[in-house]
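So the chains spell out like this:
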Protein chains: 2
Amino acid sequence: MKPIDGGITAPRGFRAAGVACGLKKDGAPDLALIVSDTPASAAGVFTKNIVQGHSLQLSQRNIRSGRARAVVINSGNANACLGPAGDRDALAMAKAVAGHLRCPESEVLTGSTGVIGKKMDMPAIHAGIDAAFADLAGSIEAARRAEQAIMTTDLVPKSCVVEFELEGILVRVAGMAKGSGMIHPDMATMIGVITTDCAVDATTLQHLLRSAVDRTFNRVSVDGDTSVCDMVVALANGAAGNPPIKPDTPEAARLLAAMEKVSTELSRLIARDGEGATKLVEIRVDGARNSEDAYRAVLAVARSPLVKTALFGEDANWGRILTAVGYSGADFDPAQCDIYLGDLKVCENGCAVAFDEAEAKRILQEKDILIRIALGAGSAGDRMWTCDFSYDYVRINGSYRS
Amino acid sequence: MKPIDGGITAPRGFRAAGVACGLKKDGAPDLALIVSDTPASAAGVFTKNIVQGHSLQLSQRNIRSGRARAVVINSGNANACLGPAGDRDALAMAKAVAGHLRCPESEVLTGSTGVIGKKMDMPAIHAGIDAAFADLAGSIEAARRAEQAIMTTDLVPKSCVVEFELEGILVRVAGMAKGSGMIHPDMATMIGVITTDCAVDATTLQHLLRSAVDRTFNRVSVDGDTSVCDMVVALANGAAGNPPIKPDTPEAARLLAAMEKVSTELSRLIARDGEGATKLVEIRVDGARNSEDAYRAVLAVARSPLVKTALFGEDANWGRILTAVGYSGADFDPAQCDIYLGDLKVCENGCAVAFDEAEAKRILQEKDILIRIALGAGSAGDRMWTCDFSYDYVRINGSYRS
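Computed from a predicted structure; not experimentally measured.

1. Notes on the overall build of chain A
Reasoning step 1: Check the secondary structure of chain A and you find 11 helices and 15 strands.
Reasoning step 2: Taken over C-alpha atoms, the radius of gyration comes to 22 Å for chain A, in line with the 21 Å a tight globule of 402 residues would show.
Reasoning step 3: A burial count over chain A gives 64% of its 402 residues as buried.
Reasoning step 4: Across chain A, the fraction of contacts at a sequence separation of at least 24, relative to all contacts at a separation of at least 6, is 80%.
Reasoning step 5: If you sum the accessible surface of chain A, you get close to 13300 Å²; carbon and sulfur atoms cover 50% of it.

Printed below as a string of structure tokens:
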């Protein structure tokens, strides 16, 4: 498996577009369309929030068929908390796309991201869908425009492509995603789209997507909040021509590895581009009693505002890291716990240890920071990506709606 | 019951002092001493963090006797994560105080708050204890100095006194506390001291303190983090001369009400003085299916960085409030949920409702904000105090250790 240049259109038989239809006040692209030339196997993972956006709810229903031709996503409006009107607007989006493709509307997946509680501007959406079909292309440039059209407070578009061989046939997996606030595990976390030309049935694809998401997108925390519009959908159109993948085979494992690679890269991009973030922080826990404890420990550290502000301030405040593990619910003996910043041990057996403050400062000044916590209670581990908490997080979120 | 002027020394038979012994770099007061002239019934509630400061651990052991003469608390150093040296230093603090009082060292409660992992400056502590005994007084001024000496990032000292009659005898309950970061429920939350001249045995006092703390200090969230040094201790010396209070009597209920009133006021002061806070925010949930769900809902909203930054920005972003309730784990139907800012309904049946934006802005510009969430799923309720999330929270916590 190797990473290659390209975007969501890199797998054969996929085209994309990204247009500005006027939902965003600043005229930036706000409607993305991804089309598979043939019906694709479809899978999806959706927010666990009880409150769910109308476009997301429609996708959840439509994914049940296991088959999709297109994904249409608007930014600038979450299409959430609007009652029956929101459901109607989501359906109208799907119908408009299905009309262009002459496919059942159930084969269109819809996503919306942006402000909650604002009625969708449907004339703009319809005009945007028409413009997107006029622009639809398999080029890298078209993929980039689609990536940009799903951005909200993201500063950079996010995509990743890998290719690998299956029984002599070249297969590609591509993904694009948007962050960058309201990002937290267990809720599918954000909007992501994965395309592949691999031949695989919908049930197997769903199983692989769930595995990949649990280990990647569900291991990103920007602020502990989770949105009502978060979803990751995967479309596999079989255009590579490989023999369809069977579950629990080496081939399925290779496809999973590729999907996980793409999802990992997108997850890291999301954390690095967290609202106001200046650093990508990887929290790694090992020596936990079991995997639940490892997850609890890594989660508490990744979501602690005190840890995250200290990272912004480049302050080697390991006491806050140990404190967060202490209240995480993980069972461990502080007297067995070591903490490292990069390779620098800053806490040994739960106690202060003399360390080189200049070296600690140098490590914390990097854009990529690794925090390792060795609990000494067992052999389970976990890892999570997060970012620091800066003035800009407050600025961005103090005035998002206005 | 009525509030009166005064501080921790208002109940008869209590004296206090606050001195600067050099633990804080800026020369501010950093050692507080509270002494009961006679042995008092003692109770305490302590952090649930697995990692616990050495001074706190000593208090936890000493409180078991149910009897205390004094509380000594230093700020500027948490005396935590220091191994056996930390235990020795906590014991030395208690011994020094016991020496002055000629009482068993087990009758001294110790608390420390500040940076984790820094060896205590014991010569400074000893000098501070001597100076505190020289200054010990029952005046309001002495109480104020004690309040100041336990402050860390607090901007204002925090105290509250009430008095009420028990069988014709005037009884007083006083409290002082410090915040203002690492404040979160279920961990006793901060350092607080409550004194009363009421006669009550230690077991009853412990029961009343636990009840009061659960409904007050455990309903404050500043940042979702919880410290290794959090504790609330209560001393009741009986100097009022009332017949000792029996459990489950009207008299016990009246003492509880007074303790809860003092704790409520201190809790609100802590939230209002949350690090970087510009507003005190009360989150109130009703209509929950049961009390667990009410707590989950109120907790999720109170700790959401997205809600808290929107409050700082005075942005009526009710979608974030509903989103937080949605991922809280509370069971409810969004279509039955209403949200109010003050008396202004901003969300009805889970949907956007037209509201006066100017009126919303006016409400959010206040220093005291009430957010009400009616879940429509049952009859349980809860409430919690929090604050907004500002640039200053980031500034304060980006450079705390240095």
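2. Examining the pattern of salt bridges
Reasoning step 1: Enumeration according to the criterion identifies 50 salt bridges over all chains in this entry.
Reasoning step 2: Of the charged contacts in the structure, one is a salt bridge between A:Glu260 and A:Arg215, with a shortest N-O distance of 2.9 Å. Taken as a pair, A:Glu260 in helix H6 (residues 250-272) and A:Arg215 in helix H5 (residues 202-215) lie far apart in primary sequence, 45 residues in all.
Reasoning step 3: You can call A:Glu260 buried: its relative accessible area is 17%.
Reasoning step 4: For A:Arg215, a relative accessible area of 47% corresponds to the partly exposed category.
Reasoning step 5: Among the ionic pairs, B:Lys345 bridges to B:Asp338, the shortest N-O distance being 3.9 Å.
Reasoning step 6: Its relative accessible area of 14% is what places B:Asp338 among the buried residues.
Reasoning step 7: A cluster of three or more residues bridged by salt bridges with shared partners is formed by A:Arg268, A:Arg272, A:Glu282, A:Arg284 and A:Asp368.

3. What about the side chain of B:Thr110?
Residues and elements named next belong to chain B.
Reasoning step 1: When you line up the elements, Thr110 lands in strand E5 (residues 108-113).
Reasoning step 2: A polar contact is formed between the side chain of Thr110 and the backbone oxygen of Ser55, at a distance of 2.8 Å.
Reasoning step 3: What Thr110 contacts, discounting residues up to four positions off in sequence, is Ser55, Leu56, Leu58, Ser59, Val72, Ala90, Met93, Ala94 and Met231.

4. Let's talk about the domain arrangement of chain A
Residue and element names in this part refer to chain A.
Reasoning step 1: Partitioning chain A into domains gives domain 1 (2-272) and domain 2 (280-398).
Reasoning step 2: Using only C-alpha atoms to locate each centre, domain 1 and domain 2 end up separated by 32 Å.
Reasoning step 3: Counting residues at the interface gives 18 residues for domain 1 and 17 residues for domain 2.
Reasoning step 4: Asp382 is the salt-bridge partner of Arg219, the closest N and O atoms lying 2.9 Å from each other.
Reasoning step 5: Seen at the junction of domain 1 and domain 2, the total is six residue pairs in polar contact (both at pLDDT 80 or more).
Reasoning step 6: Ranked by the residues each element gives to the side of domain 1 that touches domain 2, the list is headed by H6, at five residues.
Reasoning step 7: By residue class, the composition of the side of domain 1 that touches domain 2 is four nonpolar, eight polar and six charged.

The rules behind each value
- Residues numbered from 1 in each chain as written.
- Chains lettered and ligands numbered in written order.
- Predicted model: local features only at pLDDT ≥ 70, side-chain atom pairs only at ≥ 80, totals over all residues.
- Heavy atoms only, no water.
- Helix = DSSP H or I, 4+ residues; strand = E, 2+ residues; numbered from the N terminus.
- Rg over C-alpha atoms; globule rule 2.2 N^0.38 Å.
- Buried < 20%, exposed > 50% of the residue type's maximum accessible area, 1.4 Å probe, protein only.
- Contact = heavy atoms within 4.5 Å.
- Areas by Shrake-Rupley, 256 points an atom, 1.4 Å probe, with all protein chains shown as cover.
- Salt bridge = Lys/Arg side-chain N within 4 Å of Asp/Glu carboxyl O.
- Polar contact = N/O pair within 3.5 Å; in protein donor to acceptor, adjacent residues only side chain to side chain.
- Domains from an automatic or database assignment.
- Nonpolar A, V, L, I, M, F, W, Y, C, P; charged D, E, K, R; others polar.

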